[in-house]
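Observations on the model geometry
So you can see what is in the structure, the chains are spelled out below.
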Amino acid sequence: MHDGSGRIVVQNLTKQFGPVTAVQNLSFAVEPGSVTGFLGPNGAGKTTTLRMLLGLVKPTAGTATINGRPHDQLGNPARVVGSVLENEGFHPKRTARNHLLVYAAAIGVPDQRADEVLGLVGLSSAAHRKAGDFSLGMRQRLALATALLGDPQVLVLDEPANGLDPEGIAWLRTFLRSYASGGRTVLVSSHLLAEVEQTIDQVVIISRGQTMYHGRVDQLRGSQQARVIVLPGDGAKLATALKEAGAPDVQPMPDGWLTVAGATARQVGDLALQQGVPIYGLREETADLEKLFFQLTAGQFSAQPPQQPGWGPPPPQQQQVQYQQQQQQQQQWGGQR
Ligand SMILES: Nc1ncnc2c1ncn2[C@@H]1O[C@H](COP(=O)(O)OP(=O)(O)O)[C@@H](O)[C@H]1O
Ligand SMILES: [Mg+2]
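Summary of the structure given here. (Residues numbered from 1 in each chain as written. Chains lettered and ligands numbered in written order. Predicted model: local features only at pLDDT ≥ 70, side-chain atom pairs only at ≥ 80, totals over all residues. Heavy atoms only, no water.)

What follows is about the pairing of strand β1 (residues 8-17). Both β1 and strand β4 (residues 61-66) contribute to a ladder of five bridges, which runs antiparallel. Paired with Gln11 across the two strands is Thr63, which belongs to β4. Of the strand pairs in this sheet, β1 and strand β2 (residues 20-30) are connected by seven bridges, and their pairing is antiparallel. Of the residues in β2, the one forming a bridge with Phe17 is Val20. Remark: two residues form the turn of the hairpin made by β1 and β2, two consecutive strands paired antiparallel; Gly18 in that turn has positive phi of roughly 55°. (Pairing = 2+ DSSP bridges. Helix = DSSP H or I, 4+ residues; strand = E, 2+ residues; numbered from the N terminus.)

This is the structure:
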């Protein structure tokens, strides 16, 4: 039987559709007790990965397991994992409640559970309405209710924020966070970081079927916070001093400004004072995860977003390594405070 851990493990997973490599040697693990975002642009391979995890597509190579087992060895899988994938249809003439009763019978849970899950997703008042008359947002909620029928330990949702209005997204955020905080595992995919940024603790970012980043969102955000924009009286002198002090990346910008990665405004200001370089402007750039997301997945876009000088993306295969180097350099700089 499965190990009951609530872990999702994807190992060296590859899926080839004829000439198309949808997923390429993908590896990551998802732990219980947190909400993990599975992010990448459209066509990155998210749905294919989730379909392999749920036993709907056979991998070309590698494995995807829940609780240490592939989906087809989970016994009664609806009790272990609930999922909502793209384009899942409902019988349009069937009411929401009747739809749930059919599924409840199929997985062997009592009818009363249908009413419970309607309550959980805020659809109680629409229980007797036909699913065919539902808005996209209501259909998303009904799909989620269906996934919750078996009270699963692991929840896998493919683009759940699609079609939700801001209120629906806020509701989903609260729901998923409380679901995970009870020690369950939640994996949600999205092609829009902004849509799930406030919901997720961990993130797996993929592009063209490959992992570009895997880790905590706050670490990703932290890596972006330490960027200072400064207008010194003597740019060359300050840049040299900054580099000597261990700042990993100092770049000149138009109009005499410098961008300093891996430093705080205080560090830059103190150093300028020591060096006797006057400062005419100084600010710390706030975390812009969206920009980083574009950079990490840029290889997949034909049209890239505008970039500032010295801030452009390296080739995809170098990004993760470069990201780690940048992290190490930041730690060194931090140690010199
Ligand atoms: N059944 C299929 N047959 C052929 N190609 C497919 C199939 N499913 C997905 N693909 C291709 O695999 C790639 C990844 O698709 P998908 O997993 O749907 O990405 P995402 O969910 O990240 O948008 C795309 O190039 C897509 O066209
Ligand atoms: Mg998809």
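So, next bit.
Time to look at unusual backbone geometry. Backbone geometry at Asp151 places phi at a positive 50°, although glycine is not the residue there. Tracing the backbone shows Asp151 in the loop between α5 (136-148) and β6 (154-158). With a phi angle near 70°, Asp255 is a residue other than glycine that sits in the positive phi range. Topologically, Asp255 is positioned in the loop between β11 (249-252) and β12 (258-261).

Right, let's get into the sheet that holds strand β7 (residues 185-190). Across the sheet, which stays open at both edges, the six strands sit in the order β5-β6-β7-β3-β8-β9 with mixed pairing between neighbours. For this open sheet the edge positions go to β5 (81-84) and β9 (210-216), each flanked by a neighbour on one side alone. Along the sheet, successive strands turn relative to each other by an average axial angle of 15°, direction set aside. By the bridge criterion, five bridges tie β6 to β7 in an arrangement that is parallel. Counterpart to Val154 in the pairing with β7 is Thr185. Sitting on the sheet, helix α11 (residues 289-296) is in contact with β3 (35-39), β8 (202-207) and β9, with an inclination near 40° to β8. (Axes fitted to C-alpha atoms, helices over the stretch in contact; angles between N-to-C directions. Contact = heavy atoms within 4.5 Å.)

Looking now at the pairing of strand β10 (residues 227-232). Of all six residues making up β10, six are buried, and the element is well covered by its neighbours. In β10, alternate side chains face the same way, and those of Arg227, Ile229 and Leu231 on one face and Val228, Val230 and Pro232 on the other are all buried. With four bridges connecting them, β10 and β12 associate as antiparallel partners. Counterpart to Val228 in the pairing with β12 is Val260. Sheet topology note: the β10/strand β13 (residues 279-284) ladder contains five bridges and is antiparallel. Opposite Pro232, over in β13, you have Ile279 as the bridge partner. (Buried < 20%, exposed > 50% of the residue type's maximum accessible area, 1.4 Å probe, protein only.)

In this structure, the largest pocket occupies an estimated 460 Å³ of space. Contributing to the lining of the largest pocket are 20 residues, with Ser83, Glu88, Tyr103, Thr146 and Ala147 lying nearest its centre. Elements with a contribution of two residues or more to the lining of the largest pocket: α2 (77-80), β5, α3 (96-107) and α5. Taken together, the residues of the lining of the largest pocket break down into twelve nonpolar, seven polar and one charged. (1 Å grid on protein atoms, 1.4 Å probe; cavity = no way out; pocket = protein on both sides within 12 Å on 5 of 7 lines; lining within 4 Å. Points joined across faces, edges and corners; volume = space filled by probe spheres on them. Nonpolar A, V, L, I, M, F, W, Y, C, P; charged D, E, K, R; others polar.)

It is worth spelling out the site of ligand 1 at this point. Taken together, Phe17, Val20, Ala22, Pro41, Asn42, Gly43, Ala44, Gly45, Lys46, Thr47 and Thr48 form the complete shell of residues around ligand 1. Gly43 is positioned such that a nitrogen or oxygen atom in its backbone is 2.6 Å from an oxygen atom of ligand 1. Between an oxygen atom of ligand 1 and a side-chain N or O atom of Thr47, the distance comes to 2.8 Å. Considering ligand 1 on its own, with 560 Å² of exposed area, one finds that the protein chains cover 59% of that surface. Of all the secondary-structure elements, those providing two or more residues to the shell around ligand 1 are β2 and α1 (46-53). (Near = heavy atom within 4 Å. Polar contact = N/O pair within 3.5 Å; in protein donor to acceptor, adjacent residues only side chain to side chain. Areas by Shrake-Rupley, 256 points an atom, 1.4 Å probe, with all protein chains shown as cover.)

Of the positions making up α11, those classed as buried are Leu289, Leu292, Phe293, Gln295 and Leu296. Mapping the buried residues of α11 onto a view down its axis gives an arc of 160°, with all of them on the same face. (Arc of directions from axis to C-beta.)

What follows covers the sheet that holds β2. Judged by pairing direction, the sheet is antiparallel, and its three strands sit side by side in the order β2-β1-β4 without closing on themselves. Where the open sheet ends on each side, the last strands, each with one partner, are β2 and β4. With direction set aside, neighbouring strand axes in the sheet form an average angle of 20°. Lying on the sheet, α1 is in contact with β1, β2 and β4; it crosses β1 at an angle near 115°.

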